[in-house]
Amino acid sequence: MPLVAQVAVSGATIHFDKLYSYLVPQLLAARVYPGSMVLVPFGRGSKARMGVVLNVQQPAPDVPLKELYDVAPEQACLSPELLALVQELREHTFCTYYEAVKAVIPYGAQYRACVENGVPKLKKQLVRHTQWVYAQAQKLEKLTKKQQQAWEALARGPLGQDTLERMSISRDVLERLVQKGALHREMQDKPLELYRQYAEQPQMIQLSPEQQSVYDILAPCMERPDAKPALLYGVTGSGKTLVFIKLIERCLALGRQALVLVPEISLTPQMIRRLKAQFGQRVAVQHSALNHTERLLQWQQIQSGGADVVVGTRSAVFAPLEKLGLIIIDEEQEHTYQAENAPRYDAREIARRRAIRCGALLVLASATPSVESFYAAKQGRMQLVQLAHRYNDMPLPQVYMADMRTELAAGNATALSSFLKQELEKNLAVGQQSILLLNRRGYQTVAMCTSCGQVLKCASCSVPMVYHKATERLLCHYCGASHHPVPTVCPACGGKLKYTGFGTQRVEEQLAEALPNARILRMDADSTAHKNAHETLLRAFSNGEYDILLGTQMVAKGLDFERVTLVGVLGIDQMLFAQGYKAFEHVFSLVTQVVGRAGRAQQPGRAVIQTVDPHHPVLELAAKQDYPSFYEQEIAFRKLNLYPPFCVICTVGFCGKNEAGVLQAARAFAVFVQQETQRRNDVPLRLLGPAPMSIVMLKEQFRYKLTLKCRGDKAFRAMIRTALQQYDAGGWAAKASVTVDFHADADL
Ligand code: ADP
Ligand code: ZN
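Given the structure is predicted, the values throughout are model-derived calculations rather than measurements. (Residues numbered from 1 in each chain as written. Chains lettered and ligands numbered in written order. Predicted model: local features only at pLDDT ≥ 70, side-chain atom pairs only at ≥ 80, totals over all residues. Heavy atoms only, no water.)

1. Looking at the coordination of the zinc ion (ligand 2)
Working step 1: Within the protein, Cys 458 (SG), Cys 461 (SG), Cys 476 (SG) and Cys 479 (SG) serve as the donor atoms for the zinc ion (ligand 2), at 2.3 to 2.4 Å.
Working step 2: For the zinc ion (ligand 2), the 4 donor atoms in the first shell make angles of 107 to 112° at the metal, a pattern classed as tetrahedral.
Working step 3: Linear spacing of the donor residues for the zinc ion (ligand 2) on their chain is C-x2-C-x14-C-x2-C. Of the two residues, Cys 461 is situated in the loop between strand S20 (446–449) and strand S21 (466–468) and Cys 479 in the loop between strand S22 (473–475) and strand S23 (482–483); the sequence distance between them amounts to 18 residues.
Working step 4: Among the residues examined, Cys 461 registers a relative accessible area of 0% and is labelled buried.
Working step 5: Among the residues examined, Cys 479 registers a relative accessible area of 28% and is labelled partly exposed. (Donors = N, O, S within 2.8 Å, 3.2 Å for Na, K, Ca; no water. Tetrahedral: all angles 85-135°; square planar, octahedral: opposite > 155°, others 65-115°. Helix = DSSP H or I, 4+ residues; strand = E, 2+ residues; numbered from the N terminus. Buried < 20%, exposed > 50% of the residue type's maximum accessible area, 1.4 Å probe, protein only.)

Below, the structure is given as C-alpha cells:
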C-alpha cells in the first residue's frame, strides 16, 4: 500500500496554510518521514513548491492524489523536536508552517527547487567548496622522486589537494598514485576554521562562597526533569559568567549539552572567548554576523553531534542540540530576544518550551531582570537565586549626577559637563580607562528652521534626519535615505536651518578638543559596519590601546574590562521621556548596566550621569543601583494601569501605501475581533485604537495599530487566527499588510 504524506507548502498565506496530501512514490518511500523537506507539484500547473512533511500515513481509499517530486537527504530532515518547534512557532506567532521552517534552519541548510533533465528536483541552497583529500593506501616498491615525495608528505595522515599543491606536489602525481593503488582519495568539504585564534586554556575555577551557594542550588536541578526555570539576579560584576561555566561543566559531565544566549553581537566575542577557553573545539557558534557558509558549518557541527556547547544570539535558540540539559539566557531583560520580523518569536518563550520538552534547566540571568520575570519569580513560577555582591567585594560604583541645566547656565554648551571632564582627566593622569555612553549615532541629531520652526524630516519616514559629518550627509536612520550636500535652508519656507543636538561623532570631536591627549575609540553602528569590527575594536580597548570608549548601547552591557574605573552617561533624558510602558525599565536597566562596567577588578569605580532632571526617581534609583525598590515602584504602576505582567499586550499593526485605506483596514480588523469575542465568551479583552504608531510613516508606508490587552492564551490565539483569516478572505490585505506582535516594544 503506498504512503501518503501530509505536506505544508511554501508560499502559503495564513488563509491557505493547511496540509496537502501527496502520494509517496515507491522509490522515495524509505526516505520520507515527518520532518522531511520535499518538493511537490502545486496548483493547476503542478508548479514545483518546497514543503515539509508533517505526517505520513496510509492513504484514504479512492482519492486521486498527486505524487511528490523529490525528497531531501535524510540529514536535512527536521528532528521531532525541531518539528515541534515549527508547530509551536506557527501557533504562537501566526506565521505559516514554511515561514517557521525557514526560521529554525539556517539558510545554507535549506533546499530549493530546480529542474534537472526536465524533472523537478531539490537542490541544496548552498554548495560547499569541496576538494580531494589523499591518504596512504599501500606502499609500492618503485616510486619516482616526485611520487616518493608525495608518499612521504602523507606519512603523518591525510592531506587536502590545497596543502599538497603548496608543497609542490602536483595533481597528476597524486592521481597516478591513486591509479596504482598507492593512495586513496576522498571528496571532502574544504575546511573553514572559525575562531582559530581562541586558544583552549581551561582554568580551575574556584567559586566564591556566594557563587558556590547559587551553584549548589542550580546544579542538582539539571537532574530533575521537572525543575522550575531559574532567575539568577546578580549585581554587575558578581561573576554570573563563572557560575554559568561551572554549570555547563556539570551539564557536560552528565552527558548533556548546553545552550547559551547573549543579547547582542557585540557581546558574542567575549562569551565565545570565555567558553572556547574552557570547552575548546566542542563549542559552536550561531549568530547573524556569520556568513551563510560559516553558519552552515557550525550548524552541521551541532546537528551531527560534534558540539556540546552552543553560544549565540536570538536565533541560536533553534540550535539542533539533541541532548539539551541547560539553557542560559544572559541579560534576559533585553528586547533583542524578540524577533522583529515574521516569525515574531521571543527566544525566551522558545527556550522555556524547549527546556520543558527536554527536561533541561532554564536559567535567566541579569543584574536588572525584566519586571515580568521578577514578578514570575516572586509568584513562585520561577526560582529566584541571587548574587548580591561583586566577586572582588568591591562596592558598586559611586554615582554622581551632573545637572546639565547649570552647565548651560554657566555657558557650557558642549555635551561634556565640567565635572565629567575633570573626572576623565583624573583617569587619564593615572592611566585608567573610561566608558562613555551616548545612545545616538551621527553628528548632530536635529536640523530645525530658525524662522518656521520645522524640523527637517525624511521624505519617506516621519523621523528627523541626522547629520553625519564624516560623509557630509543628512541620513535617515530608518530607511537610509540621504541628502548631499547638506541643506542650509528650510525646504518649506527658505529660512535658515540650525543644526543642534549631539550624536557620537560630534561628542568624539568635542572630547578630542577637551582632552587632546586622550586616545578615543568610537563604537556605534557606523564604526562597526565591517566584519569582525566589534571584536577587533573591543580587543584593542581591552589591550589598553585607547583611554576612552565612547559608544551607543553596544558598549553598555556585559563587557568586562579590568582597567575601566569611570563611566559617563550622556543624553539619557530623551529615553526617560520616551513613549511606551517600558520606557522607565529601559532607562533603569541601561544606566545600571553601564554604571556596572566600572570598577570590576582591583580599583573601585565611579560614574557620572548627565541629565536635566537629576532628581528624577528612576535616575536616582539607577544611581543607587537599587533594583528591588525600582521593581516595587514599577510593579505598582503596572498593576494600576493594567500593563504586563497583569495582562498580555498584543499589538496588531497595519501597514500600507494609502493612509485612509490603512485606517479602514484596521477598523475592519477591529470589527472582526469584536464579532469573534462576542461569539465566544472565553476571551476577555480590551481593544484600543486604531491609533497611529509612534513612527506613523516608514519607507513611504503608513502605520496604524490596534492594541489588545488580553490574556494571550489559547482561546485568544484562536480568536486572532479567525480574525486574520476573515481579514485575508475579505481582501483587506491589499490595503494593509497585518502583523501580530506580543512584544512590549512592538511599536518602536
Ligand atoms: P557579571 O556577568 O556578573 O557582571 P562576570 O562574570 O563578568 O560578572 O565577572 C566579573 C569579573 O570577576 C570577571 O573579570 C571575572 O573573571 C571575575 N570573577 C568572578 N568570579 C570569579 C571567580 N570565582 N574566580 C575568578 N574570577 C572571578
Ligand atoms: Zn527615511
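What follows picks up the thread again.
2. Structural notes on the domain arrangement of the protein
Working step 1: For the protein, the domain assignment lists domain 1 (4–124), domain 2 (130–189), domain 3 (209–243 + 258–387), domain 4 (398–445 + 501–638) and domain 5 (648–741).
Working step 2: Computed from C-alpha atoms alone, the centre-to-centre distance between domain 1 and domain 5 is 30 Å.
Working step 3: The interface of domain 1 with domain 5 comprises 8 residues on the first partner and 9 residues on the second.
Working step 4: Approximately 880 Å² of surface area, both sides summed, lies buried where domain 1 meets domain 5, with 57% of it carried by carbon and sulfur atoms. (Domains from an automatic or database assignment. Contact = heavy atoms within 4.5 Å. Buried area = accessible area lost by both parts, 1.4 Å probe.)

3. Here's the deal with the packing of aromatic side chains
Working step 1: Summed over the entire model, instances satisfying the criterion amount to 21 aromatic pairs.
Working step 2: With a centroid separation of 5.6 Å and 55° between ring planes, the pair formed by Tyr 467 and Tyr 499 is classed as tilted. Here Tyr 499 lies in strand S24 (residues 497–500) and Tyr 467 lies in strand S21, a separation of 32 residues in the sequence.
Working step 3: Where Phe 588 meets Phe 630, the ring centres are 4.3 Å apart and the plane angle is 5°; that geometry is what we call stacked. One end of the pair, Phe 588, is in helix H17 (residues 583–595); the other, Phe 630, is in helix H19 (residues 627–640), and 42 residues separate them in sequence. (Phe/Tyr/Trp six-rings, centres within 6.5 Å; stacked < 30°, edge-to-face > 60°.)

4. Details of the packing of helix H11 (residues 371–378) against H19
Working step 1: Running from N to C, H11 and H19 point in directions that differ by 95°, and their axes come no closer than 10 Å. As far as their axial angle goes, H19 and H11 are roughly perpendicular. Contact residues: Val 371, Glu 372, Phe 374, Tyr 375 and Lys 378 in H11; Tyr 627, Phe 630, Tyr 631, Glu 632, Glu 634, Ile 635 and Arg 638 in H19.
Working step 2: Among the residues forming the contact of H11 with H19, the class breakdown is 7 nonpolar, no polar and 5 charged. (Axes fitted to C-alpha atoms, helices over the stretch in contact; angles between N-to-C directions. Parallel < 35°, antiparallel > 145°, perpendicular 65-115°, else oblique. Nonpolar A, V, L, I, M, F, W, Y, C, P; charged D, E, K, R; others polar.)

5. Here's the deal with the environment of Gln 148
Working step 1: Note on placement: Gln 148 falls in helix H3 (residues 145–153).
Working step 2: Linking Gln 148 and Asp 728, residues 580 residues apart in sequence, is a C-alpha distance of 72 Å.
Working step 3: The residues contacting Gln 148, other than those within four sequence positions of it, are Lys 139 and Leu 143.

6. Some points on the sheet that holds strand S28 (residues 606–611)
Pairing between the strands of a sheet comes from backbone hydrogen bonds, and it takes one of two forms, parallel or antiparallel.
Working step 1: Pairing within the open sheet is parallel, and its 6 strands lie in the order S18-S28-S27-S19-S26-S25. Looking at the sheet topology across the chains shown, the edges are occupied by strand S18 (398–403) and strand S25 (520–523). Looking at each pair of strands side by side, their axes are set apart by 15° on average, direction ignored.
Working step 2: In this sheet, S28 lies alongside strand S27 (residues 564–570) in parallel orientation, the contact comprising 4 bridges. Following the sheet pairing, Val 567 is matched in S28 by Ala 607. (Pairing = 2+ DSSP bridges.)

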